[in-house]
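Architecture and fold: a report
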Amino acid sequence: MLVKDGKKHNKFAFKYLLSSASAVVAETVTYPLDLTKTRLQIQGELASKSSNGKANPYRGMIKTAVGIAKEEGFHKLWQGVTPALVRHIVYTGCRMTFYEILRDNVFHKNPDGVLPVWKAACCGLTAGMLGQFVASPTDLIKVQMQMEGKNRLLGNPVRVKSMYDAFCKITAEGGVRGLWKGWIPNVQRAGLVNMGDLATYDTSKHFILRNTSLKDNAVTHFLSRGILYTSSWDCVTKTVKAEGFWSLYKGFFPIWARMAPWSLTFWLSLEQMRKHTGASSF
């Protein structure tokens, strides 16, 4: 057993590593969808910055992905993957660890081992917000690197060359606080996403185990599963004014399409890693 009873700090540290490793696997597999989503979302902003006021036409998820591969190279579908992986090592490791700490030590399960839905929702909301706040700098760096390929195609000078270069430029321009630019909408979104994701998986899995003959295995895990804006509100109003209400949903399909394979890959790999290393099931 790698996890010893009575050593909670070691237990949670070990589970943090397992969560991070699972996130790296899921992020690497589904990253091109994340890049496509970012490119779709940012096209209106690129048009406002280009010399002729026009950017490439909205091409949809598939055409955007194909366009990236054709115009910039297939490997560019993974542009910015390094900070994305670092982000998930921090974010997913933190959110999962915070959730289990809150579930086990703050809200506490019922005597029968069940965590009520409202408690699971509170744990997920809080864990998601805390995890995203810690990881916000890596989100900012990731997006800057994701946009570099398109920026060069527009004939603009190189802005960032690497993750470290992006970090240095952000801190040089805005100080350490600049690393948390845009953290409020990110934290809001992460809180809601994790309230749904973690609470749903946790309660669904244990509901299935309690009410069916299924065991705690892969089948069960599968079934359970330049400054343009001054604030998040300013971003919303300017986007709607310039591009229309439905522009708020640009990139929705690749986000939606990515959630299923990401979550499936993450939860299956996490549960298997925990099983084979002696850690308790989630």
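Basis of the calculations
Residues numbered from 1 in each chain as written. Predicted model: local features only at pLDDT ≥ 70, side-chain atom pairs only at ≥ 80, totals over all residues. Heavy atoms only, no water. Helix = DSSP H or I, 4+ residues; strand = E, 2+ residues; numbered from the N terminus. Buried < 20%, exposed > 50% of the residue type's maximum accessible area, 1.4 Å probe, protein only. Salt bridge = Lys/Arg side-chain N within 4 Å of Asp/Glu carboxyl O. Expected span 1.5 Å × (residues − 1). Bend = angle between axes of the 7 residues up to and from the residue. Patch = residues over 30% accessible without salt bridge, like charges linked within 9 Å, V, L, I, M, F, W, Y side chains within 5 Å. Areas by Shrake-Rupley, 256 points an atom, 1.4 Å probe, with all protein chains shown as cover. pLDDT = per-residue confidence, 0-100. Contact = heavy atoms within 4.5 Å. Phe/Tyr/Trp six-rings, centres within 6.5 Å; stacked < 30°, edge-to-face > 60°. Lys NZ or Arg CZ within 6 Å of the ring centre and 35° of its normal. Axes fitted to C-alpha atoms, helices over the stretch in contact; angles between N-to-C directions. Parallel < 35°, antiparallel > 145°, perpendicular 65-115°, else oblique. Left-handed = near helix turned anticlockwise from the far one by under 90°. Core = buried A, V, L, I, M, F, W, Y, C linked by side-chain atoms within 4.5 Å. Nonpolar A, V, L, I, M, F, W, Y, C, P; charged D, E, K, R; others polar.

Moving on to the overall build of the protein. In terms of helices and strands, the protein carries 10 helices and 0 strands. Tracing the protein from N to C terminus, the helices and strands come up as α-α-α-α-α-α-α-α-α-α. Here the protein, with 282 residues, has 41% of them falling under the buried criterion.

Further remarks concern the pattern of salt bridges. Scanning the model with the defined rule gives 12 salt bridges in all. The closest approach of N and O atoms between Lys205 and Asp216, which form a salt bridge, is 3.5 Å. Highlighted residues: Lys205 in helix 7 (residues 183-211) and Asp216 in the loop between helix 7 and helix 8 (218-223), separated in sequence by 11 residues. Counted as one network, the salt bridges with shared partners bring together Lys15, Glu100, Arg103, Asp104, Asp202 and Arg274.

On to helix 4 (residues 117-146). With 30 residues, helix 4 extends just 37 Å between its outermost C-alpha atoms, more than 12% less than the 44 Å of an ideal straight helix rising 1.5 Å per residue. A bend of about 55 degrees at Ala135 is the largest found in helix 4, and the proline Pro137 appears one to four places after it.

The next point concerns a nonpolar patch on the surface. On the surface, Phe133, Val134, Trp183 and Ile184 cluster together to form a nonpolar patch covering roughly 340 Å² of accessible area. When contributions to the nonpolar patch are tallied by element, the ones reaching two or more residues are helix 4 and helix 7.

Quick look at the confidence of the model for the protein now. Model confidence for the protein is summarised by a mean pLDDT of 79, while 78% of its residues fall at 70 or above. Counted against residues more than four places away or in other chains, residues 1-6, with its pLDDT under 50, gives 6 contacts.

Within the structure shown, the criterion is met by 10 aromatic pairs. Centroid distance Tyr201 to Trp267: 3.7 Å. Interplanar angle 10 degrees. Geometry classified as stacked. Judged by its relative accessible area of 1%, Trp267 is buried. Taken together, the aromatic side chains of Tyr99, Tyr201, Trp262, Phe266, Trp267 and Phe282 make up a single cluster linked through ring pairs. The ring of Tyr91 carries the charged tip of Arg87 above its face, separated from the ring centre by 4.1 Å. The positively charged end of Arg95 is found above the aromatic ring belonging to Phe266, 5.5 Å away from the centroid.

The backbone of His108 shows a phi angle near 60 degrees, a positive value even though the residue is not glycine. Here His108 is to be found in the loop between helix 3 (81-107) and helix 4.

Take the packing of helix 3 against helix 4 next. One can describe the packing of helix 3 onto helix 4 by two numbers: an axis separation of 8 Å at closest approach and a directional angle of 165 degrees. What the angle tells us is that helix 3 and helix 4 run roughly antiparallel. Considering the relative orientation of helix 3 and helix 4, their crossing is right-handed.

Right, let's get into the environment of Trp262. Mapping Trp262 onto the fold places it in helix 10 (residues 252-277). In this structure Trp262 comes out as buried when scored by relative accessible area, which is 8%. Apart from residues no more than four positions distant in its own chain, Trp262 is found in contact with Ala23, Ala26, Glu27, Thr30, His88, Thr92 and Arg95.

With that settled, the discussion passes to the nonpolar core. Formed by 20 residues in total, the largest nonpolar core has its most connected members in Met96, Tyr99, Phe266, Trp267, Leu270 and Phe282. Among the secondary structure elements, those contributing two or more residues to this core are helix 1 (8-49), helix 3, helix 4, helix 7 and helix 10.

Turning next to the environment of Leu85. Topologically, Leu85 is positioned in helix 3. Residues Leu85 and Tyr31, spaced 54 residues apart in sequence, show a C-alpha to C-alpha distance of 9.4 Å. Setting aside residues up to four positions removed in sequence, Leu85 forms contacts with Val24, Glu27 and Thr28.

Locating His221 in the fold gives a position in helix 8. For His221, a relative accessible area of 2% corresponds to the buried category. Along the chain, His221 and Lys205 lie 16 residues apart, while their C-alpha atoms are 6.8 Å from each other.

In this section: the packing of helix 4 against helix 7. Here helix 4 crosses helix 7 at 140 degrees, and the two axes come no closer than 6 Å. The pairing of helix 4 with helix 7 is recorded here as oblique in orientation. As for the relative orientation of helix 4 and helix 7, their crossing is right-handed in sense. For the pair formed by helix 4 and helix 7, the contact residues are Val117, Ala120, Ala121, Gly124, Leu125, Gly128, Met129, Gln132, Phe133, Ser136 and Asp139 on the first element and Trp183, Asn186, Val187, Ala190, Gly191, Leu192, Asn194, Met195, Leu198, Ala199 and Thr203 on the second. Residues that form the contact of helix 4 with helix 7 fall into these classes: 13 nonpolar, 8 polar and 1 charged.

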